[in-house]
Amino acid sequence: MLVKFITTNKHKFAEASELCSRSGIQLSMVDLDYEEARADTCEQVVLSAINILSGEIKPPFIIEDSGLFVRSLNGFPGTYSAYVLKAIGLDGMLKLMRGNDDRSAKFVSVIGYWDGNKPCIFSGSVEGEISSELRGAGGFGYDPLFIPKGYKFTFAENMSLKAKLSHRIEAFRKFILHVKGENVW
Ligand code: ITT
């Protein structure tokens, strides 16, 4: 089965397509930059994107909105994660967190699937904390400063850990279960 993944982010695409291909779902990347809604939740962003894109792109397709939600910053950067990374970078995030005792954070991923009939939403999240320095060379985005709960490594230091328990992997497992009826836990 072939499903379009509308994204400008090749890292997201690589992580998702590896898992999906193991279940016989082939993702093809459609690198289309569309206007994303301003909203507090990834669910709202995804539903509004399906609304726009379903008029332009033939089903079946998926989109994914994700982000890093830092508890002591009231969920910032959240749905603005891509913009904030461009604007202040990882060093800027570390500065924002300086002197902050509560470093807990979570990554969230929400997939929107349009099969031509009704929009479906699948979400995943992973709890963790913001490290005090950047560590590791793997992954992308905020991976060098995110330490998943119960571990000492950042995602960027341990990509095989990320491939097992990331927010994106959880959301895509749910998507695969829906499409194929196959549990890939
Ligand atoms: P799209 O074209 O799919 O929208 P994007 O990169 O703009 O690509 P988002 O709007 O969903 O994607 O922004 C999510 C940002 O959150 C992303 O650019 C990263 O900075 C960060 N992020 C999401 N998942 C991540 C992950 O697994 N590891 C590190 N950073 C992540």
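The following paragraphs examine the structure supplied in this document. (Residues numbered from 1 in each chain as written. Predicted model: local features only at pLDDT ≥ 70, side-chain atom pairs only at ≥ 80, totals over all residues. Heavy atoms only, no water.)

## A few points about the overall build of the protein
Spelled out, the test is: Put simply, DSSP marks the helices as runs of H or I at least four residues long and the strands as runs of E at least two long, and each gets a number from the N terminus on. Burial classification: accessible surface area is computed with a 1.4 Å probe over protein chains only, and a residue below 20% of its type maximum counts as buried, one above 50% as exposed, and the rest as partly exposed. For this analysis, residues touch if any pair of their heavy atoms sits within 4.5 Å. Every accessible area reported is derived by Shrake-Rupley at a probe size of 1.4 Å, with residue values counting cover from the shown protein chains alone.
In terms of helices and strands, the protein carries five helices and six strands. Sorting the 185 residues of the protein into buried and exposed places 46% on the buried side. Relative to all contacts within the protein whose residues are 6 or more apart in sequence, the contacts with residues 24 or more apart total 59%. Summed over its atoms, the accessible surface of the protein is roughly 9,500 Å², and 50% of this surface lies on carbon and sulfur atoms.

## Remarks on the sheet that holds strand S6 (residues 146–148)
Stated formally: Strand pairing is assigned whenever DSSP identifies at least 2 bridges connecting the two strands. Here the axes come from fitting lines to C-alpha atoms, over the contacting stretch only for helices, and the angles between their N-to-C directions go from 0 to 180 degrees.
The strand order across the open sheet formed by six strands is S2-S1-S3-S4-S5-S6, and the pairing between neighbours is mixed. Looking at which strands have only one partner, the edges of the open sheet turn out to be strand S2 (26–30) and S6. In this sheet, neighbouring strand axes are inclined to one another by 40° on average, regardless of whether the strands run parallel or antiparallel. Sheet strands in contact with helix H1 (residues 10–21) are strand S1 (2–6), S2 and strand S3 (61–70), and its direction is about 165° off that of S2. Relative to S3, helix H3 (residues 81–97) is tilted by about 25°, and along the sheet it contacts S3 and strand S5 (119–130).

## Comments concerning the nonpolar core
Selection rule: Remark: nonpolar core denotes a set of buried residues (Ala, Val, Leu, Ile, Met, Phe, Trp, Tyr, Cys) joined through side-chain atoms within 4.5 Å.
By size, the foremost hydrophobic cluster in this structure holds 18 residues, and its most contacted members are Leu27, Ile62, Phe172 and Phe175. The biggest single contributor to this core is helix H5 (residues 167–180), with five residues. Other than its neighbours up to four places away in sequence, Phe175 contacts Val3, Cys20, Ile25, Ile62, Ile111, Tyr113 and Phe122. In terms of nonpolar packing, the next biggest core, distinct from the first, is built from 15 residues, Leu90, Met93, Phe107 and Phe155 among them.

## Considering the site of the ligand
Here is the rule we go by: Any residue with a heavy atom lying within 4 Å of a molecule or strand is counted as near it. Throughout this description, a polar contact denotes any pair of N or O atoms lying within 3.5 Å of each other; where both atoms belong to protein, one of them has to be capable of donating a hydrogen while the other can accept it, and for residues adjacent in sequence the pair is counted only when both atoms sit in side chains. Grid spacing is 1 Å over the protein atoms alone, the probe is 1.4 Å, and a cavity is where that probe fits but cannot get out, while a pocket is an open set with protein on both sides within 12 Å along at least five of seven lines and lining residues have an atom within 4 Å of a point. By definition, a pocket or cavity contains a molecule when more than half of the molecule's atoms lie within 2 Å of the pocket's grid points. Each residue is assigned to one of three groups, with Ala, Val, Leu, Ile, Met, Phe, Trp, Tyr, Cys and Pro labelled nonpolar, Asp, Glu, Lys and Arg labelled charged, and all others, Gly among them, labelled polar.
Neighbouring the ligand are 20 residues, the closest being Thr7, Thr8, Lys12, Asp143 and Lys162. Between the ligand and Thr8, the relevant distance is 2.6 Å, taken from an oxygen atom to a side-chain nitrogen or oxygen of the residue. Calculation on the ligand without its partners gives an accessible area of 610 Å², and the protein chains cover 93% of this total. Using a 2 Å cut-off from the grid points, one finds that the ligand occupies the largest pocket. Secondary-structure elements contributing two or more residues to the shell around the ligand are S3, H3 and H5. The element best represented in the shell around the ligand is S3, accounting for four residues. Per-class residue counts for the shell around the ligand are five nonpolar, eight polar and seven charged.

## A closer look at H3
We count it as follows: Here the expected length of a helix is defined as 1.5 Å per residue gap, with one fewer gap than residues. Throughout, the bend at a residue refers to the angle made by two axes, fitted to the seven residues ending there and to the seven starting there.
With 17 residues, H3 ought to run about 24 Å at 1.5 Å a step, yet its terminal C-alpha atoms sit only 15 Å apart, falling short of that. Along H3, the sharpest kink reaches roughly 90°, centred on Ile88. Those residues of H3 lying buried are Ser81, Val84, Gly89, Leu90, Gly92, Met93, Leu94 and Met97. Contacts made by the buried residues of H3 are with S3 and S5. Looking one or two residues beyond H3, the residue adopting positive phi is Gly99, at roughly 75°.

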